[in-house]
Amino acid sequence: MNTQAMQVPMDTQWKDGKRHLWLLGAVLPLTPLVGWQLAEITGYGVFWWFAPLFFYSFIPLMDFLVGEDSSNPPENAVPSLERDHYYRWLVYAYIPIQYGMLIWGAWAFVSLGLQWWEMLGLAISIGGVGGVGINTAHELGHKKETLERWLSKITLAQVAYGHFYVEHNKGHHKNVATPEDPASSRLGENFYEFWLRTVIGSVRSAWQIEKARLARCGKSPWTWQNENLQAWSMTVVLWGALIAVFGPVLLVFLVIQAVYGFSLLEVVNYVEHYGLLRQKEANG
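Below is a short write-up of the structure. (Residues numbered from 1 in each chain as written. Predicted model: local features only at pLDDT ≥ 70, side-chain atom pairs only at ≥ 80, totals over all residues. Heavy atoms only, no water.)

Attention now moves to the packing of aromatic side chains. Following the criterion strictly, the structure yields 17 aromatic pairs and no others. For the pair Phe 54 and Phe 55, a centre-to-centre distance of 5.8 Å together with 90 degrees between the ring planes defines the contact as edge-to-face. Given a relative accessible area of 26%, Phe 55 falls into the partly exposed group. (Phe/Tyr/Trp six-rings, centres within 6.5 Å; stacked < 30°, edge-to-face > 60°. Buried < 20%, exposed > 50% of the residue type's maximum accessible area, 1.4 Å probe, protein only.)

Quick look at the structure:
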């Protein structure tokens, strides 16, 4: 049987039935705006918490109702999908929306006279948008093109987690589910213990990775070629510009949204890698 002859028609005939549904990925980060409008219309400040309520209630409910989708494109369709710029531009589209929401959130935080708990809901909502943006940064960080790698760092700037670009790609993938990996949870370790260890450990690991790389080139880590310094500088510039425009009080908003945003990543790491360690232990 000629396998190549069979693969050609599969590649040309396979269609992505969810092609247009992927556009929802660019709509979901707008949920804080929906919460604002609901708060304006109803007068109920609780709607400033609409975005986290939506993500933690509506989406899991829809996921349960829709059920598991096990369909995947055949391997021979993957090259044509990778050449389809539609999917790549959907990933790109998240970045300006994310930044637009951050700027709007900064304005709303200082301008709308919100109660403290409404401000907290706003900061959490915007942090959720930035936290989901780490997925965008993750995808772009794995690409080979220079532009996409810079876009990864730009995406991470909002939540001050630019070192993720270095540590994840050059540290985590090598050390996953081992004691050397700060992003892998340990058996018996609760989330709060893991959170403190991974937040500090990820920064330390990323710095050591770049320090070693630059040392092989005969250079000090204190150089613009240090990708951690590049990424962290973006956060300094971004936050500095927003504080210059909206005032020092905005620092509270920026810190809350950043901590919440990168904590979303660490929750996923905790759950996923705790499971990997249990499986590894079970297999001896």
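In this model, helix 11 (residues 227-246) (20 residues) spans 29 Å end to end at C-alpha, consistent with the 28 Å of a helix rising 1.5 Å per residue. Among the residues of helix 11, those classed as buried are Glu 227, Asn 228, Leu 229, Gln 230, Ala 231, Met 234, Thr 235, Leu 238, Trp 239 and Leu 242. Capping the start of helix 11, Asn 226 holds a side-chain oxygen 2.9 Å from the backbone nitrogen of Asn 228, two or three residues further along. Looking one or two residues past helix 11, Gly 247 carries a phi angle of roughly 105 degrees, positive in sign. (Helix = DSSP H or I, 4+ residues; strand = E, 2+ residues; numbered from the N terminus. Expected span 1.5 Å × (residues − 1). Polar contact = N/O pair within 3.5 Å; in protein donor to acceptor, adjacent residues only side chain to side chain.)

With that settled, the discussion passes to the packing of helix 6 (residues 85-111) against helix 7 (residues 116-141). Axis separation between helix 6 and helix 7 bottoms out at 10 Å; the angle between their running directions is 160 degrees. By the criterion of interaxial angle, the relationship of helix 6 to helix 7 is roughly antiparallel. As helix 6 runs across helix 7, the sense of the crossing is left-handed. Contacts between helix 6 and helix 7 involve Val 91, Tyr 92, Tyr 94, Ile 95, Gln 98, Met 101, Leu 102, Trp 104, Gly 105, Ala 108 and Phe 109 from the former and Met 119, Leu 122, Ile 126, Val 129, Gly 130, Val 132, Gly 133, Thr 136 and Leu 140 from the latter. By residue class, the composition of the contact of helix 6 with helix 7 is 15 nonpolar, five polar and no charged. (Axes fitted to C-alpha atoms, helices over the stretch in contact; angles between N-to-C directions. Parallel < 35°, antiparallel > 145°, perpendicular 65-115°, else oblique. Left-handed = near helix turned anticlockwise from the far one by under 90°. Contact = heavy atoms within 4.5 Å. Nonpolar A, V, L, I, M, F, W, Y, C, P; charged D, E, K, R; others polar.)

By size, the foremost hydrophobic cluster in this structure holds 40 residues, and its most contacted members are Trp 104, Leu 122 and Phe 253. Breaking this core down by element, the ones donating at least two residues are helix 3 (31-42), helix 6, helix 7, helix 8 (146-157), helix 9 (164-175), helix 10 (191-216), helix 11 and helix 12 (250-282). It is helix 6 that contributes the most residues to this core, nine residues altogether. Excluding anything up to four places from it in sequence, Trp 104 contacts Pro 32, Leu 33, Trp 36, Trp 48, Leu 122 and Ile 126. (Core = buried A, V, L, I, M, F, W, Y, C linked by side-chain atoms within 4.5 Å.)

All right, on to unusual backbone geometry then. Notably, Ala 160 is not glycine yet its phi reads approximately 55 degrees, a positive angle. Tracing the backbone through its elements, the reader meets Ala 160 in the loop between helix 8 and helix 9. What makes Ala 160 partly exposed here is its relative accessible area of 29%.

With that settled, consider the side chain of Gln 230. Looking at the secondary structure, you find Gln 230 in helix 11. By relative accessible area, Gln 230 is classed as buried at 8%. When near neighbours in sequence (up to four residues on either side) are disregarded, Gln 230 contacts Trp 150, Lys 153, Trp 224 and Gln 225.

With that settled, the discussion passes to the packing of helix 6 against helix 8. Between two packed helices, both the angle of their axes relative to each other and the distance between the axes serve to describe the pair. Interaxial distance between helix 6 and helix 8 falls to 10 Å at its minimum, and their mutual angle equals 35 degrees. Once helix 6 is placed against helix 8, the crossing between them reads as left-handed. Every residue of helix 8 that contacts helix 6 at Arg 88, Tyr 92, Ile 95, Gln 98 and Tyr 99 is listed here: Glu 148, Leu 151, Ile 154, Thr 155 and Ala 157. Taken together, the residues of the contact of helix 6 with helix 8 break down into six nonpolar, two polar and two charged.

Spatial relationships are all this shows, so hold off on functional conclusions.
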